[in-house]
Structure formats: structure tokens, C-alpha cells
Amino acid sequence: MVEHQTGVLNSEQWPQFFKLYMPAHCSTQLRIPPAFLKYFGDSLPFKFTLQTSPTNSWEVHMNKIDDDVYFKTGWEKFAQDNLLEFGDFLIFYYHGGSNFYVSISGINNCLKDINITNNNIQNQPTVTPLQESETEETSNSHKQATEGIEIEDSNLSFEITVQPSYIKNGFMNMPKRVFYDVVKENRPMRVKLQHLGRTWDVMVSYRCERIKLTSGWKEFARENCLGVGDVCCFKVVDIKPDFYLLDVSFCREM
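Residues numbered from 1 in each chain as written. Predicted model: local features only at pLDDT ≥ 70, side-chain atom pairs only at ≥ 80, totals over all residues. Heavy atoms only, no water.

Q: Account for the overall build of the protein chain, naming residues and giving values.
A: A tally of helices and strands in the protein chain yields five helices and 18 strands. Here the analysis covers contacts within the protein chain between residues at least 6 apart in sequence; of these, 59% occur between residues at least 24 apart. Here the protein chain has roughly 12,300 Å² of accessible surface; of this, 48% comes from carbon and sulfur atoms. (Helix = DSSP H or I, 4+ residues; strand = E, 2+ residues; numbered from the N terminus. Contact = heavy atoms within 4.5 Å. Areas by Shrake-Rupley, 256 points an atom, 1.4 Å probe, with all protein chains shown as cover.)

Shown next as C-alpha cells:
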């Protein structure tokens, strides 16, 4: 672990991606989403700095296998020092070069703040600099790729890359797996999209084996300045009889 004093991120403008911590898949290494690699340009760092507070950071070396890039050497120590466990929700905020700020929430939906000393690690209920939210414990992990859609680590979390038609036509295609496998027979006609404390009501269309976000999606996209190539990171945080609540964060095209 490296200790130093730096500024702490507190801006949604920074590129970001999220992961659910699933020990069977990411206890020894963590895959960086392919859509996020564009932010490194032609200079993919050999090692990264992962920061969880102004004074605590870890050096993690990169490992590249074919087209996939992983946090590798040093990642296992990061996971151990931060007491990562099944279902923890991590958001990685990228602030240039090889530096990330990492926000960690536990399965109780609250931010975790780990007090780290030389030989002592304790959970401390103190206020952290980022007010991010939600994680849900999930039992099934899978990875499914379709046009413009990547589902990874959990069927309650998924990423969708904004296509030109999603902006022009005012609707977005959604993965069937979330709506059919997770919520079974319940098919509410609307969802609530949550971002930075605000919510938007968006209608859901079920036609010809396709599921789309329709009325309300255009307003959500416009008010959040979404553009082609941006990655919307969705997480199902609640399922009600008449709607789903989805938390949304963005990895933005720059």
C-alpha cells in the first residue's frame, strides 16, 4: 500500500465504470470493461494507482491477455486490505494517467470506509467523500454480449453503449435477461431511472421478443447530456409490482 496526500474526486464528469465483487471471478484479478479502454488512448499504463481515501492508495500492475486488460499484480492485496466480499459494489473514477479513485459500497447499501493502519484494518462508519449508492447481493454470475449490450458479473447489473438510434429514435433496447430471468413473470410497464438523487419515469415496451425503454427515455438522455458511444451502467436496486428502480452511472465518450 502507498500512502500519500492527494485531492479526492467528487465529480460525475470523470469517466467511470463499476463492478460487483464476485470472489470466484475477481479475487485475484479484475477485468477493465473493453468500452473503457478508449480513455487510455495509445498509452495503456503498465501499472495503476487505486485510491480509496486522501491517504490510502495501492499500486496495481496491468495484465493484458489478447484484447482484455486486467488489474492483476497488487489487486489481490487491494481486495484483502479493503475487506472486499461477495456483493460489494465498486465504482472506479478515472482521473487521468494511471490513477483511479475507488468508491466501495457493501451489501447493506452503505458506503464502506476502511480504516487502514500498518497491522490493523477495521470498518469505520465515517463519512466518505463520494455519496454513491446501492449494491444488491446476487446469486448468479454470467457474461453475455449482444449488439450494443454487455452484461458482466451479475444479472442485476449491465452496461449498454448508446447507439445513434437510441438518441435519434428516442428509445433504448434492453437485455431480455434482466426482465425475464430476474423478475420472472412480473412485467411492469415502466421503470424509474435514478441518477444523482433524481429519478425519471420511463415506459417499457414488450414487443416481438424485444424490450425497449420508450416514453421518457429521450428526456432522460437529453437532461443527462448522453451522446453516441457513452456507456450507461445500469443496476437493478429495487423491484416493485408496478416498476423497476434502476440506478444509472455513465462512462462518457470524450
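Q: Please set out the pairing of strand S16 (residues 210-213) residue by residue, giving values where relevant.
A: For a regular strand, side-chain orientation follows a simple rule: the groups alternate between the two sheet faces. Only one face of S16 is covered, namely the face carrying Ile211 and Leu213; the face carrying Arg210 and Lys212 is uncovered. With three bridges joining them, strand S13 (residues 172-174) and S16 adopt antiparallel strand pairing. In the sheet register, Asn173 faces S16, and the bridge partner there is Lys212. Here strand S15 (residues 198-207) runs beside S16; their pairing, made up of four bridges, is antiparallel. If you follow Val204 over to S16, its bridge partner there is Leu213. (Buried < 20%, exposed > 50% of the residue type's maximum accessible area, 1.4 Å probe, protein only. Pairing = 2+ DSSP bridges.)

Q: Give me the lowdown on empty space enclosed by the protein, citing residues and values where you can.
A: Per the stated rule, a full pass over the model turns up two cavities of 30 Å³ or more. When its volume is computed, the second largest cavity comes out at roughly 40 Å³. Broken down by secondary-structure element, the contributors of at least two residues to the lining of the second largest cavity are strand S6 (89-94), strand S17 (231-239) and strand S18 (244-251). Classifying every residue of the lining of the second largest cavity gives five nonpolar, one polar and two charged. (1 Å grid on protein atoms, 1.4 Å probe; cavity = no way out; pocket = protein on both sides within 12 Å on 5 of 7 lines; lining within 4 Å. Points joined across faces, edges and corners; volume = space filled by probe spheres on them. Nonpolar A, V, L, I, M, F, W, Y, C, P; charged D, E, K, R; others polar.)

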